[in-house]
Amino acid sequence: MDFSTPPYLLNNASVQRVMLQVLAALLPGIGAYVWIFGPIVLVQIALATATALAAEAAMLRLREKPLAPFLTDGSAVVTAWLIALAFPPLAPWWLIVTGTLFAVVIAKHLYGGLGQNPFNPAMIAFAVCIVSFPALMSQWPPAALDLGFAEQARIVFGLAPRVDAIVGATPLDALKTGLKLEEGRVGVSQLLDNREVFGAVAGRGWEWVTAGYLLGGLWLWRRGVVSWHAPLAFLAGLSLLAGGLWLYDPAQFADPLFHLFSGGAMLGAWFIVTDPVSGCTTPKGKLIFGFSAGALAYVIRVFGGYPDGVAFAVLLLNLCAPLIDVYTQPAIFGMKDKSR
Amino acid sequence: MLQLFKFKGGVKPQTNKTQSVGEPIGVAPLPSRLFVPLHQSIGGTPRPLVAAGERVLKGQLIGGADGWISAAVHAPTSGTVRAVAEHVAAHPSGLTTLSVEIEPDGRDEWIERTPIDHGALAPERVRERLREAGVVGLGGAVFPTHGKLTASKTVPMEELVINGAECEPYITCDDLLMRERAEEIVRGVGVFRDLLQPKRVLIGIEDNKPEAVAALQAAAAKLGENFAVVAVPTRYPAGGAKQLIRVLTGKEVPSTKRSTDLGVQCFNVATAYTAWRAVAHGEPVVSRIVTLTGNVERPRNWEALLGTPLAEFVALGGPKPDTDGYLMGGPMMGFAMPTMDAPLVKATNCIIASSPALFPPKAPEMPCIRCGECAKVCPHELQPFELYWFARAKNFGKTQEYHIFDCIECGCCSFVCPSRIPLVQYFRFAKSEIWAREKEKNAADQAKARFEWKTAREEREKAEKAEKLAKAAAAQAAKKAAEAAAAAAGEAAPAPAAAEAATNVPAATNPPLDAEAAKKAAIAAALERARAQRAAVEPKNVDRLTPAQQKDIAEVDARRQQAGIEAPPTAPEESQP
Ligand code: SF4
Ligand code: SF4
């Protein structure tokens, strides 16, 4: 027995268990993704996972750390999956490899490895790639496109040309571009009426994928892996701003539901702003973090130059998280009544 | 029905209590030797009152209480004192403590016992009796009971809380005591009630002990006592005094206050039992109920004499071959007994034989992922991971800002941490370091005070000397002047010259003195600066520790106060995995 220190009794928690649950929670979203866009996303996930594990192993070796608990802790795999899901499914293979490398090597290990990274590695990967390769990162296949797996794979591995018809934009992007092109002659509702692109709620196909993320996220919450504070605040921040502006001018601004179920909102709410390492830790801090990230994501999404704002919003809030924590320390046992 | 409150946090480890409740409390046979440590409770170490070769009777005083917060120690059986010497303590460090070694004579012959009628005596006399009988908190804190039996002068006593929660896994000694000796517990509670005069008496027992609840309810009814015997939800650490007070009364006792300041006081059921034995039977505390469980053939509760060596005690249960150690206390807050010679003491509520199957080796420590699980379960609503980061960085001032001294070391945080960080160990390390620094600082302050006093004295002496010299010189000058005046009578204004001479003399001796004074002033200033610097980096809230906090600290530290400081398992400088 290990006599060093009590308690001698521990529950069965482990970092690996936490990470495996996060991966499991991603499955409904991935399932919907495959169903709607075909299995190419699995190729991307595999690419990212392999890259992440290789990079993790190499970095551990370089930093003279044991491979044993760290390579299998699952954290690199979670990062990899998030990257694969955040990137366009038909992005060239080297893009996802570059992004993943950047996430694991720089955003994670150069900051000290597991538990030490101030920024969410997956969001770093996204931000770096969208700044460096804006065109590639903005090309999303329309769900209506019927393309065989082989053809998709050829595109990813650069064996087939990237034709405009194949690679379009996300519904978010399409809406923004549409509004800009029409310069106010056509309202949001007319644009959204194009069900081919926008589906019933928030982008054909995408609404199912994001609903899958929501399902997984709720499951994580039920299991106690994530608390409700950050995701709920994030969605609230996003919908509040979206709702306000939509009520103000429905011709110019899409409804909140559209925003909730498109782009990275659901993935971000349940899998990104819940990242404990780079987020806030106090309940109040999580609320502030989530709400601000949600509101900021909306602002960048609608008024900024990028198709989606989740990544930049989260990274900005990552920067503030330590400070928010300091100012939101909860009162401790017996000290809640200030008069004492 | 009493309204119950909730405390935040807590965990639900497997209770593992059923194994040891099958048999009634057994009376452990006389061991071949007893090693009775003189220091078994918080407070002053009792003075030995016997010497080698002396014959003692069961219950005879062998260690007199030293100071008011101290509790006497008695011979657990009749026999001969073989030695009064250092013996290994019931402490993880394996350090020794002054102990009385007794060879039993097998007759177990009591000293003359004098019961008292506590109702007819002044409260001070009853408290004194408890002190003389060595009655201390048997829930594990071993704080002398008489020291807790005085109500606050300003706050009326509202509730007396009696702790029968027994929330730690494996331990069942209080459960069995409540089942079998409920009446005496209730009578003991009556003594406490009479001393403290609370409005209500609440007895809290975790709801996994229905037999104990029923037994106490029946006993209270039989004796016509209006005590509320309440089943509280089973959740570790519901048996922590502050948690139980919270659950039963809704009051949160902050670490800066005594519970009596909030009109509430808390005692363990076994303490009430021993108090009654002391009052009504004149029996001092010479034995206690100890659960023997874990990796043994016959788990059971035993009434064992204090001082029984571990080896002889565990033999009663038949340890299985793969037993690899023994824990004293529960698996959450207990510790590994250092050797088989270590004795059972007043704080020993449970001995658990461990095996690799029961307590598997811990997984390697991973870096903190800030998941916040530890904060979720902390019953004192601390942020354990913040404490961990600061303790690890040896930023002890920050650990105090984040309330490290509110940590009761319950182990809930370590229990759930997915990174398997031995958080409690880091907290103990930080606390010990802070205490050590505090001590050092006090020592330095004393040295400084001594130095300053000495310097001041020297200066005073010098000044006095100088003054004397000056006076002498002045006198001489005056004399000379007078002589001169006498000699040259008629010459004008001799007196001013004399006066000038007189004032000039001390002025002439001044410069060297001044230089010295300047040097001293410089030294003093440097010292003051150093002190200010120290104060700046020094932990802040130690200075404001209240008696209650100090008591808590003392309790927390009780088990390791004689020990070396345990350092955290990994080198704290290494900031990354
Ligand atoms: S439970 Fe462990 S890993 Fe999680 S925040 Fe607390 S110390 Fe860190
Ligand atoms: S050991 Fe201390 S920090 Fe950890 S849960 Fe218990 S009280 Fe909180």
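Reading the values: the criteria
Residues numbered from 1 in each chain as written. Chains lettered and ligands numbered in written order. Predicted model: local features only at pLDDT ≥ 70, side-chain atom pairs only at ≥ 80, totals over all residues. Heavy atoms only, no water. Pairing = 2+ DSSP bridges. Helix = DSSP H or I, 4+ residues; strand = E, 2+ residues; numbered from the N terminus. Contact = heavy atoms within 4.5 Å. Axes fitted to C-alpha atoms, helices over the stretch in contact; angles between N-to-C directions. Phe/Tyr/Trp six-rings, centres within 6.5 Å; stacked < 30°, edge-to-face > 60°. Buried < 20%, exposed > 50% of the residue type's maximum accessible area, 1.4 Å probe, protein only. Lys NZ or Arg CZ within 6 Å of the ring centre and 35° of its normal. Near = heavy atom within 4 Å. Nonpolar A, V, L, I, M, F, W, Y, C, P; charged D, E, K, R; others polar. Domains from an automatic or database assignment. Buried area = accessible area lost by both parts, 1.4 Å probe. Salt bridge = Lys/Arg side-chain N within 4 Å of Asp/Glu carboxyl O. Polar contact = N/O pair within 3.5 Å; in protein donor to acceptor, adjacent residues only side chain to side chain. Core = buried A, V, L, I, M, F, W, Y, C linked by side-chain atoms within 4.5 Å. Lys, Arg positive; Asp, Glu negative; His and termini not counted.

**Some words on the sheet that holds strand S1 (residues 26–27) of chain B**
Residue and element names in this part refer to chain B.
So, point 1. What the six strands build is an open sheet, ordered S1-S14-S13-S17-S15-S16; its pairing is mixed. The sheet is open, and its two edges are formed by S1 and strand S16 (335–336), each paired on a single side.
So, point 2. Of the pairings in the sheet, the one linking strand S13 (residues 287–294) to strand S14 (residues 300–305) comprises six bridges and is antiparallel in character. Bridge assignment links Ile289 to a residue of S14, and that residue is Glu303.
So, point 3. Here helix H2 (residues 173–180) sits on the sheet in contact with S13 and S14, set at roughly 125° to S13.

**Here's the deal with the packing of aromatic side chains**
So, point 1. By the definition in use, this model includes 16 aromatic pairs over all chains.
So, point 2. Seen in terms of ring centroids, Tyr33 of chain A and Phe37 of chain A are 5.5 Å apart; in terms of plane orientation they differ by 65°. Their pairing is edge-to-face. Remark: Phe37 of chain A and Tyr33 of chain A occur in helix H1 (residues 15–37); sequence separation between them is four residues, near one turn of the helix.
So, point 3. For the ring pair Phe396 of chain B and Phe429 of chain B, a centre distance of 5.9 Å and an interplane angle of 65° mean the geometry is edge-to-face. Separated by 33 residues along the polypeptide, Phe396 of chain B in helix H10 (residues 396–401) and Phe429 of chain B in helix H12 (residues 423–487) bring together distant segments of the chain. This pair shows no difference in class: Phe396 of chain B is buried, exactly as Phe429 of chain B is.
So, point 4. Following the ring pairs from residue to residue traces out a cluster consisting of Tyr33, Phe37 and Trp206 of chain A.
So, point 5. Positioned above the aromatic ring of Phe267 of chain B is the side chain of Lys148 of chain B, whose terminal nitrogen or guanidinium carbon lies 4.7 Å from the ring centre.
So, point 6. For the cation-ring pair, Arg300 of chain B lies above Trp302 of chain B, with the distance from its terminal atom to the ring centre recorded as 4.8 Å.

**Remarks on the site of ligand 2**
So, point 1. Cys378, Pro379, Pro384, Cys407, Ile408, Glu409, Cys410, Gly411, Cys412, Cys413, Val424 and Phe427 of chain B make up every residue found near ligand 2.
So, point 2. Tallied by class, the residues present in the shell around ligand 2 amount to 10 nonpolar, one polar and one charged.

**Brief notes about the domain arrangement of chain B**
Residue and element names in this part refer to chain B.
So, point 1. By domain assignment, chain B separates into domain 1 (18–354), domain 2 (373–437) and domain 3 (458–505 + 512–535).
So, point 2. With centres defined by C-alpha atoms, the gap from domain 1 to domain 2 works out at 29 Å.
So, point 3. Across the contact, eight residues belong to domain 1 and 10 residues belong to domain 2.
So, point 4. Regarding the contact of domain 1 and domain 2, the summed buried area is about 690 Å², with carbon and sulfur atoms giving 57% of it.
So, point 5. Of all residues in domain 1, Gln243, Met332 and Met333 bury the most surface against domain 2, accounting for 51% of the area lost on that side.
So, point 6. Here domain 1 and domain 2 share zero salt bridges between them.
So, point 7. Between domain 1 and domain 2 we count three residue pairs in polar contact (both at pLDDT 80 or more) in total.

**Some words on the site of ligand 1**
So, point 1. Lining the immediate environment of ligand 1, one finds 13 residues, of which Cys368, Cys371, Gly372, Cys374 and Cys417 of chain B sit closest.
So, point 2. For the shell around ligand 1, the per-class residue count stands at nine nonpolar, two polar and two charged.

**Re the side chain of Thr323 of chain B**
So, point 1. You can see Thr323 of chain B is positioned in the loop between helix H7 (310–315) and strand S15 (325–328).
So, point 2. Of the polar contacts made by the side chain of Thr323 of chain B, one reaches the side chain of Asn295 of chain B; its length is 3.0 Å.

**Observations concerning the pattern of salt bridges**
All names here are of chain B.
So, point 1. Under the counting rule described, the total for this entry stands at 43 salt bridges over all chains.
So, point 2. Across the pair Asp105 and Arg107 runs a salt bridge, and its minimum N-O distance is 3.7 Å.
So, point 3. Relative accessible area serves as the criterion here: at 56%, Arg107 is assigned to the exposed category.
So, point 4. Of the charged contacts in the structure, one is a salt bridge between Glu158 and Lys251, with a shortest N-O distance of 2.4 Å. One end of the pair, Glu158, is in the loop between helix H1 (123–132) and strand S9 (159–163); the other, Lys251, is in the loop between helix H5 (241–249) and strand S12 (264–268), and 93 residues separate them in sequence.

**Examining the interface of chain A and chain B**
So, point 1. With 41 residues of chain A at the contact, the number on the chain B side is 62 residues.
So, point 2. Linking chain A with chain B are three salt bridges.
So, point 3. When the shortest N-O distance is used, the salt bridge between Lys336 of chain A and Glu381 of chain B registers 2.9 Å.
So, point 4. Viewed at the interface, chain B and chain A are joined by 14 residue pairs in polar contact (both at pLDDT 80 or more).

**Notes on the sheet that holds S12 of chain B**
All names here are of chain B.
So, point 1. On the basis of which strands lie adjacent, the open sheet formed by four strands has the order S11-S10-S9-S12 and parallel pairing. Every interior strand has two partners, whereas the edge strands, strand S11 (228–232) and S12, have only one. Each strand of the sheet is rotated relative to its neighbour by a mean of 25°, with strand direction disregarded.
So, point 2. Each of S9 and S12 is contacted by helix H6 (residues 269–281), which is oriented at about 80° to S12, the strand it contacts most.

**Some remarks on the nonpolar core**
So, point 1. Core analysis: the biggest nonpolar cluster contains 92 residues, and Ile162, Ile185, Phe192, Leu216, Phe313 and Ile351 of chain B have the highest contact counts within it.
So, point 2. With residues up to four places along the chain from it excluded, the contact list for Ile185 of chain B reads Leu177, Met178, Leu216, Val269, Ala272 and Tyr273 of chain B.
So, point 3. Residues Leu82, Ala103, Tyr298 and Ile300 of chain A belong to the second largest nonpolar core, which totals 89 residues.

**Description of the side chain of Arg127 of chain B**
Residues and elements named next belong to chain B.
So, point 1. Following the sequence through the fold, Arg127 ends up in helix H1.
So, point 2. Although Arg127 lies buried, it forms no salt bridge, and the closest oppositely charged side chain, Glu124, sits 4.2 Å away as judged by the N-O distance.
So, point 3. Other than its neighbours up to four places away in sequence, Arg127 contacts Trp68, His146, Leu149, Thr150 and Leu195.

**Comments concerning the domain arrangement of chain A**
All names here are of chain A.
So, point 1. Annotation of chain A at the domain level lists domain 1 (38–168) and domain 2 (170–325).
So, point 2. Facing 19 residues of domain 1, the contacting portion of domain 2 comprises 21 residues.
So, point 3. Note on domain 1 versus domain 2: buried area summed over both sides is about 1800 Å², and carbon and sulfur give 75% of it.
So, point 4. Contact with domain 2 buries area across many residues of domain 1, yet Asn120, Met123 and Trp140 alone supply 28% of it, more than any other trio.
So, point 5. Counting across the interface, domain 1 meets domain 2 through zero salt bridges.
So, point 6. Here domain 1 and domain 2 share one residue pair in polar contact (both at pLDDT 80 or more) between them.
So, point 7. Counting only elements with at least two residues in the side of domain 1 that touches domain 2, the list comes to helix H4 (75–86) and helix H6 (121–132).
So, point 8. Looking at which element gives the most residues to the side of domain 1 that touches domain 2, the answer is H6, with six residues.
So, point 9. In the side of domain 1 that touches domain 2, the residues fall into 14 nonpolar, five polar and no charged.

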